[in-house]
Amino acid sequence: MKKTLPFREVLSDNYSTRIFSENLNESELKWHFDNEYREVTFLHETDWKFQMDNELPIEITKDLKIIIPEGQYHRILKGTGDLRVRVRKINKTRLLPHTHEVKQ
């Protein structure tokens, strides 16, 4: 069974750009963890928020970069308008290729 992701994604060689639609259901934004380190860059000012496990949500500002360690639970909290982020998978010393399925 395919896992449905709550974003559209455009892939490039070193990163992906993810677009979370203002029309998605907030229940689709679940606590989760990833199997590799990731660097997330928020591409614009927004009222969406980001939260790491055992921390308070933080406001998202343009060009804010967050490193999410492998296995660290985190989530996005829905705001207004679309949310655009750039995600790079990193393996401590090198970038990892993007290998997951893209939601159309």
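Residues numbered from 1 in each chain as written. Predicted model: local features only at pLDDT ≥ 70, side-chain atom pairs only at ≥ 80, totals over all residues. Heavy atoms only, no water.

Some words on the nonpolar core
In terms of nonpolar packing, the biggest core is built from 17 residues, with Phe20, Phe42, Trp48, Phe50, Ile76, Leu83 and Val85 touching the most fellow members. For this core, the elements supplying multiple residues, two or more each, are strand E3 (37-42), strand E4 (49-52), strand E6 (65-68) and strand E8 (83-91). In terms of residues, this core owes the most to one element, E8, which gives 3 residues. (Core = buried A, V, L, I, M, F, W, Y, C linked by side-chain atoms within 4.5 Å. Buried < 20%, exposed > 50% of the residue type's maximum accessible area, 1.4 Å probe, protein only. Helix = DSSP H or I, 4+ residues; strand = E, 2+ residues; numbered from the N terminus.)

Considering the pairing of E3
Of all 6 residues in E3, 5 are buried, a share of seventy percent or more. Alignment of E3 against E8, held across 6 bridges, turns out to be antiparallel. By the bridge assignment for E8, Glu39 is matched with Arg88. For E3 and E6, the ladder comprises 4 bridges, and the chain directions are antiparallel. (Pairing = 2+ DSSP bridges.)

A few points about the pairing of strand E1 (residues 8-11)
Here E1 pairs with strand E2 (residues 16-20) via 4 bridges, running antiparallel. Bridged to Arg8 within E2 is Ile19.

Considerations on the environment of Leu64
Counting through the fold element by element, Leu64 comes out in the loop between strand E5 (58-59) and E6. Owing to a relative accessible area of 22%, Leu64 belongs among the partly exposed residues under this scheme. Taking the C-alpha atoms as reference, Leu64 lies 5.5 Å from Phe42; in sequence the two are 22 residues apart. Residues in contact with Leu64, not counting those within four places in the same chain, are Val40, Thr41, Phe42, Ile58 and Glu59. (Contact = heavy atoms within 4.5 Å.)

A word on the environment of Asp13
Relative to the helices and strands, Asp13 is located in the loop between E1 and E2. Each C-alpha atom of the pair Asp13 and Arg88 lies 9.7 Å from the other, and the pair is 75 residues apart in sequence.

Function-wise, these values are silent; they only describe arrangement.
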